[in-house]
Amino acid sequence: MVSRVNGRPARLPRGVTARTFARAVREFSRIVGDAHVSVSPAELVPYAHDVIMVPPIWPSAVVRPGSVQEVGRIARAANALRIPLWPLSTGKNIAYGRMMAVDPGNVVVDLGRMNRILEVNDKLAYAVVEPGVTYAQLYKHLRDHNLPLWLDPPATAPGAGPLGNTVERGVGYTPYGEHFLFSCGMEVVLPDGRVLRTGSGALPGSRTWHIFKWGYGPYLDGLFTASNYGIVTKLGIWLMPEPPAYQPILMTTPQEEDIVAIMDFLRPLKITHTLPSAVVVAHALLALAAEAEYPWALTGGIKPVPEAWVRTEARRRMLGIWNIAGCVYGSPTVVAEVAETVRRKARTELPQATILDIEEARQSPYWDHKVRNMTGVPSMVEYSRLSWRGGGNAFVAPVVPLFGEEARKHMEIARPIFWKHGFDYIGEFIAASRDQHHVMMLLHKQPDEMAQAMRCYGELTDAFCDGGYLPYRTNVAFMEHTMRRLDPVFQDVCAQIKRALDPNGIIAPGKNGIRANRVSASRRRRVAATGTPASRRARPRAAR
Ligand code: ADP
């Protein structure tokens, strides 16, 4: 639906009249100033497009608040007028939908102007950031102030930020790689405009907001991750003290079937924290996608890339079929001893592996990038792989128990589906703690292969869920689909919390498949059977 606001076209939120919408835009302008509200299609383009499998999803407007007070006032105005808001922080969300909302017509709340680093405590090793702070910005701040603290950036984007990444439960590669685990204390604007401080921050004048996670009473922080219950405006993140020494352990193996031995080799090292970094085990094609041209001439663009090409190109770049990167940290003597223990174990349990010389390996962009990832330095190398096969990219990221046989089985599920749809399997296993994230890139050509990519993503998601493997995060296009795969009680509880906090469904409707008016199939059946009146449930005006 397209209307005109102030003489300019805008897509309206569902169920909202042009008049109400115009009023909302005026209200938002009063709150943040005219310069920070726009309904202009030209300005909305980046918020509407991603290079995933779905056509653009146009928002109705963008509003850019500069303070938590303004965010609160926006939420109150939106609630009064029933305008859905889609908050974002640094807006990268690469291969998961970038800045796109689930529904068309949302007003994007772009928090990029709120980009202050509010505190860095070098003694207690934490920082407090606003939503617009990027990894690159925080990295520069630490270097400029000579602070011996490390970040934990994700692989693809220095322009992404710790707050947005953490609320999506993103991961990195240092020992602080589970970002939510290493966050502490949030400030959240609730849908009714109130400001909640979580954990220890609930005590007025608290002196432990960002150092003691649990506070008193229920731990609420998790509610504001991978959900749509509020707008997070501050976050404490713990930073890793720069260790006196570190030593990367970089290895390659020559055969695909090695994956079983590799993951079994890694399991005890991860569970005992002998290797405290995330350990990435990447298929050659994943590294090649960032460094080599797609061989259109060989494949005609429709078949998987030939194995002989993969082997030749990998060899030229110091890559094996599997490429293993982990890291040991600590005092020089401890590091030397632990690294030698790991290498010795590798020589026994993975005799087919080649242990790379670190200095030599760092001449290769891929290995240098991996070492940067594991030592807190933002790096762009993997970014280029996103456009390898013509621009389209989407992550598929199920979580798998940390067993070699599970990894093999998982590839057996995944690869035929990629191939059936005419795409390459481009994957890596990231050994986290007791699990491995099997992260795969669905790289496709835009726009020709979008529909096919959509089918492939859906089939992969279902195949993994059928096998008992849940994705840790999905593309916006598959949030509803994935939520519907979960237990009905879980779905109902998510919707009940939504109704309690956001009865009008104002914040990010449909995000992670959560809607205020959502009723699971089993609940509908129960209601039908028991005659529990539907009127007992809060009923938002529009389907949100
Ligand atoms: P990054 O740039 O680090 O990838 P984004 O800013 O793109 O992070 O955020 C990723 C997603 O997380 C957004 O699409 C949005 O759904 C959610 N999100 C981001 N920031 C907030 C926030 N401050 N409050 C609530 N949800 C947020």
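Higher on the page you've got the structure.
Here is a short report on the structure shown in this document.

Definitions and cut-offs
Residues numbered from 1 in each chain as written. Predicted model: local features only at pLDDT ≥ 70, side-chain atom pairs only at ≥ 80, totals over all residues. Heavy atoms only, no water. Near = heavy atom within 4 Å. Polar contact = N/O pair within 3.5 Å; in protein donor to acceptor, adjacent residues only side chain to side chain. Areas by Shrake-Rupley, 256 points an atom, 1.4 Å probe, with all protein chains shown as cover. Helix = DSSP H or I, 4+ residues; strand = E, 2+ residues; numbered from the N terminus. Nonpolar A, V, L, I, M, F, W, Y, C, P; charged D, E, K, R; others polar. Patch = residues over 30% accessible without salt bridge, like charges linked within 9 Å, V, L, I, M, F, W, Y side chains within 5 Å. Salt bridge = Lys/Arg side-chain N within 4 Å of Asp/Glu carboxyl O. 1 Å grid on protein atoms, 1.4 Å probe; cavity = no way out; pocket = protein on both sides within 12 Å on 5 of 7 lines; lining within 4 Å. Points joined across faces, edges and corners; volume = space filled by probe spheres on them. Contact = heavy atoms within 4.5 Å. Buried < 20%, exposed > 50% of the residue type's maximum accessible area, 1.4 Å probe, protein only. Lys, Arg positive; Asp, Glu negative; His and termini not counted. Phe/Tyr/Trp six-rings, centres within 6.5 Å; stacked < 30°, edge-to-face > 60°.

Glancing now at the site of the ligand. Near the ligand you find 20 residues, and of these S89, T90, K92, N93 and V232 are the closest. One of the backbone nitrogen or oxygen atoms of G161 is found 3.0 Å away from an oxygen atom of the ligand. Taking 560 Å² as the accessible area of the ligand by itself, protein coverage stands at 97%. Looking at the shell around the ligand, the elements with two or more residues in it are β5 (85-88), α5 (162-167) and β12 (231-238). Here the shell around the ligand is composed, by residue class, of nine nonpolar, eight polar and three charged.

Turning our attention to a nonpolar patch on the surface. Taken together, the side chains of L124, I211, F212, W214 and Y219 make up a nonpolar region of the molecular surface, amounting to roughly 470 Å² of accessible area. For F212, the location among the structural elements is in the loop between β11 (195-197) and β12.

Over the atoms a probe the size of a water molecule is rolled, and this reveals where empty space is left. According to the stated counting rule, one finds three cavities of 30 Å³ or more in the structure shown. In this structure, the largest cavity occupies an estimated 750 Å³ of space. At the level of elements, β5, α5, β12 and β20 (427-431) are the ones that each hand at least two residues to the lining of the largest cavity. For the lining of the largest cavity, the element with the most residues is α5, which contributes four residues. Tallied by class, residues from the lining of the largest cavity come to 27 nonpolar, twelve polar and eight charged. There is about 130 Å³ of room inside the second largest cavity. D152, Y176, H179, I237 and W238 are the residues nearest the centre of the second largest cavity, which is lined by 15 residues in total. Put simply, the parts of the chain that give the lining of the second largest cavity at least two residues each are α5 and β12. Among the residues making up the lining of the second largest cavity, the classes are represented as ten nonpolar, four polar and one charged.

For the largest pocket, the calculated volume is near 500 Å³. Every residue lining the largest pocket is counted, 24 residues in all, and those nearest its centre are R169, A226, L486, F490 and N512. For the lining of the largest pocket, the secondary-structure elements that each account for two or more residues are α15 (479-483) and α16 (488-501). The element contributing the most residues to the lining of the largest pocket is α16, with four residues. Looking at the lining of the largest pocket residue by residue, the class counts come to 15 nonpolar, six polar and three charged. For the lining of the second largest pocket, a count of residues per class yields nine nonpolar, seven polar and two charged.

All right, on to the side chain of H421 then. Along the polypeptide, H421 turns up in the loop between α13 (404-420) and β20. Polar side-chain contacts of H421 include one of 2.8 Å to the side chain of E459. The contacts of H421, once residues within four sequence positions are left out, are Q452, R455, C456 and E459.

Relative to the assigned elements, D424 resides in the loop between α13 and β20. Nearest to the buried, unbridged D424 among oppositely charged side chains is R389, at 4.0 Å. For D424, the residues in contact, after removing those within four places along its chain, are L285, Y294, K303, P304, V305, W388, R389, F418 and M441.

The final tally for this structure, using the stated rule, is 13 aromatic pairs. Aromatic side chains W214 and Y219 sit 5.0 Å apart centroid to centroid with 70 degrees between the ring planes, which places their arrangement in the edge-to-face category. On the basis of relative accessibility, which here comes to 46%, the residue W214 falls in the partly exposed class. Taking the relative accessible area as the measure of exposure, Y219 reaches 31% and is therefore partly exposed. Plain terms: the ring middles of Y294 and W388 are 4.6 Å apart, the flat faces sit at 75 degrees to each other, and that makes the pair edge-to-face.

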